[in-house]
Amino acid sequence: MRLYALAVYLFLYIPIGIIALFSFNAGRYAAQLQGFSTKWYGIALNNPFVVDALHTSAVVAATSSTLATIFGTLAALALPSVRGPLRTIIDALIYIAVMVPGIVIGIATLIALVTVFGWLNPLLVALWPFAEAAPQLSMGYGSLVAAHGLFAIALVIIIVRARIAGMDRSLIEASDDLGATPWGTFRQVTLPQIFPGMLAGFLLSFTFSFDDFIIAFFVAGSKTTLPIYVFSSIRRGVTPEINAIGTMVLAVSLGLLVIAQFILQRGRRPTT
Amino acid sequence: MQARHRTALFLLPAGAWFVTMLVLPLVVVLVFSFGERGEAGGYSPAFVLDNYFNLPARWTAFQNTLTLAPVGTLACLLIAYPLAYFLAVRASEKWRTLLLVLVIVPFWTSILIRSYAWIFILGGQGIPALISAMGLGDIKLINTPFAVLTGIVYGYLPLMVFPIYVSLERLDKRLLEASADLGSPPWRSFLQVTLPLSMPGVATGCMLVFILLMGEFLIPAILGGGKVFFVGNALVDLFLQSRNWAFGSAVAVALVVIMLVTVTAYMRLTSRWAGGRDDLSLM
């Protein structure tokens, strides 16, 4: 039994380990180990395409997960007082947002936005009151943030809602009885209890956006995110540079996940 | 009255986001699926069923998806169950949380990078080179259904382990003691007590993995090398290369409909085990 578990863990971690190992390979050829070196990290981080893609990914992930944490938490706070058909619709939408394949979300967003922009752009030109050329809507940061934000909001709602459900209601009642204002109760009682959920939701949303390839592939327009860069490079063959980028990407998400997990675990125990 | 206003205000941003980024795009796909291909690609308005009649043109993609998704789900289940059992029943309290986290964490890291790792292992310089060095002949692993299946199991194993673990961990250990006291050998207790009681977890895990596999693109694209392609690969081709949005939309609608039908049928089938629990929160 133990041996079996060990074998599965090896299966899960050896491929990741191999990528990390070969990213420190001094040789040009990916498949032969020729001594330790960090030069591929230097080469990757000096490649303007990589830096640009990393910048795009970081901006999109930070923006979409911040917005999703705020809007998702607000929605999760309001949901317990929503009943009837509206509640059914909202629950169905959250479920659909999580369950519809990313590829379908990607193409649907692409064709919907391209169509809407196609209508709006001539309108913008006609109505623009200034001498300079009117701004034109196109795919890019906005569409990336909007598409990633959708999944992220659903994720934050699910996580924060679970924490609200597990919250001690009597504390809120006690706070009200003792004469606290609604805002005071929220800030001093509710917020501390749901904060771990918000933080975990933020970190998971960030990881999701930072790692997402398929949705970004459709809605990125002229922008390149890091996963898109990696995907197009893989088609040209395996290089130590990609190993270095891959190791950095894995390190970022592993770091964030360990923090998220730590917060959620701590949050589960009553802190006295 | 004030509380109602606050509720509406709190729901507004998320609601608006869902309507513009989820409801509207899905409606557009449905509308486009009845349209025609534009002169220069894209879409031109029409109301025809041609795209749906044309679906058999992409039959291979549907066939591959509908074969490898169930096979991949089953492979995940067979490998995941013993591990989940070990974690829930055999592992010591002290290590359990850490071991569980170690299973879940890979799922949240880049599937792109993790699939790429297998190009390394299954490619010409990896396992095939080892095997031919041992004098066992030449074999080809990359760009085969086997490679895609390996990638699938590697990618989705964590998603299968977690729900099974949850249902096994909740299992009342006194039931097993009772079964042993009444003279059942361990294997019989397992078959008659543990296994049936863990079925909700099995059902949830299978459904989650199956749903994600139906929409898979990356694993076949990276490890199948264009030879083993899923509906997802056909969709990328239709939208980004041949730019036939109307037909592509019909393929997407067909994919979602097949998913909905299989999942609904599956949930009906397993509803006597599954108690409708929410296992979406994976952390």
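Residues numbered from 1 in each chain as written. Chains lettered and ligands numbered in written order. Predicted model: local features only at pLDDT ≥ 70, side-chain atom pairs only at ≥ 80, totals over all residues. Heavy atoms only, no water.

Secondary structure assignment for chain B yields 13 helices and 0 strands. Going from the N terminus to the C terminus, chain B shows its helices and strands as α-α-α-α-α-α-α-α-α-α-α-α-α. Dimensions of chain B along its principal axes, counting C-alpha atoms only, are 80 × 75 × 30 Å. The proportion of buried residues among the 283 residues of chain B is 52%. (Helix = DSSP H or I, 4+ residues; strand = E, 2+ residues; numbered from the N terminus. Buried < 20%, exposed > 50% of the residue type's maximum accessible area, 1.4 Å probe, protein only.)

Right, let's get into the confidence of the model for chain A. Residue-level pLDDT values for chain A average 88, and 96% of them are 70 or greater. Put simply, helix α11 (residues 240-268) of chain A is where chain A has its lowest mean pLDDT, 82, and helix α3 (residues 48-78) of chain A is where it has its highest, 96. (pLDDT = per-residue confidence, 0-100.)

Residues and elements named next belong to chain B. A positive phi angle, close to 60 degrees, is found at N143, a residue other than glycine. For N143, the location among the structural elements is in the loop between α6 (127-133) and α7 (145-169). One non-glycine residue with positive phi stands out, namely R243, at about 45 degrees. Counting through the fold element by element, R243 comes out in the loop between α12 (231-241) and α13 (245-270).

All names here are of chain A. Inspection of the entire model under this criterion finds 5 salt bridges over all chains. For R87, the salt bridge identified is with D91, shortest N-O distance 3.2 Å. Pair noted here: R87 and D91 are both in helix α4 (residues 84-99), with a separation of 4 residues, about one helical turn. Classification of D91 by relative accessible area gives partly exposed; the value is 29%. (Salt bridge = Lys/Arg side-chain N within 4 Å of Asp/Glu carboxyl O.)

This next bit is on the side chain of T144(B). Residue and element names in this part refer to chain B. Here T144 shows up in the loop between α6 and α7. For T144, a relative accessible area of 15% translates into the label buried. For T144, the side chain forms a polar contact with the main-chain oxygen of L141, separated by 2.5 Å. Excluding residues that lie within four positions of it along the chain, T144 makes contacts with L223 and V228. (Polar contact = N/O pair within 3.5 Å; in protein donor to acceptor, adjacent residues only side chain to side chain. Contact = heavy atoms within 4.5 Å.)

Here we take up the interface of chain B and chain A. Across the boundary between the two partners, chain B contributes 72 residues, which contact 81 residues of chain A. At the surface where chain B touches chain A, the tally comes to 0 salt bridges. Summed over the shared surface of chain B and chain A, the result is 8 residue pairs in polar contact (both at pLDDT 80 or more). Here the element with the most residues in the side of chain B that touches chain A is helix α1 (residues 2-32) of chain B; it accounts for 16 residues. Taken together, the residues of the side of chain B that touches chain A break down into 59 nonpolar, 10 polar and 3 charged. (Nonpolar A, V, L, I, M, F, W, Y, C, P; charged D, E, K, R; others polar.)

This next bit is on the side chain of T69(A). By the secondary structure assignment, T69(A) is in helix α3. The contacts of T69(A), once residues within four sequence positions are left out, are V156(A), M198(A) and F202(A).

So, on to the packing of aromatic side chains. Per the stated rule, a full pass over the model turns up 26 aromatic pairs over all chains. Measuring from ring centre to ring centre gives 6.4 Å for F202(A) and F206(A), while their planes differ by 40 degrees; the resulting arrangement is tilted. Here the residue F202(A) and the residue F206(A) both occupy positions in helix α8 (residues 182-211), the gap between them amounting to 4 residues, near one helical turn. Accessibility expressed as a relative area gives 16% for F206(A), which makes it buried. With a centroid separation of 6.1 Å and 70 degrees between ring planes, the pair formed by F217(A) and F218(A) is classed as edge-to-face. Taking the relative accessible area as the measure of exposure, F217(A) reaches 22% and is therefore partly exposed. Since its relative accessible area comes to 3%, F218(A) is described here as buried. Through successive ring pairs, a cluster of aromatic residues spans F213(A), F217(A), F218(A), F231(A) and F217(B). A cation sits over an aromatic face here: R114(B) above Y154(B), 5.5 Å from the ring centre. (Phe/Tyr/Trp six-rings, centres within 6.5 Å; stacked < 30°, edge-to-face > 60°. Lys NZ or Arg CZ within 6 Å of the ring centre and 35° of its normal.)

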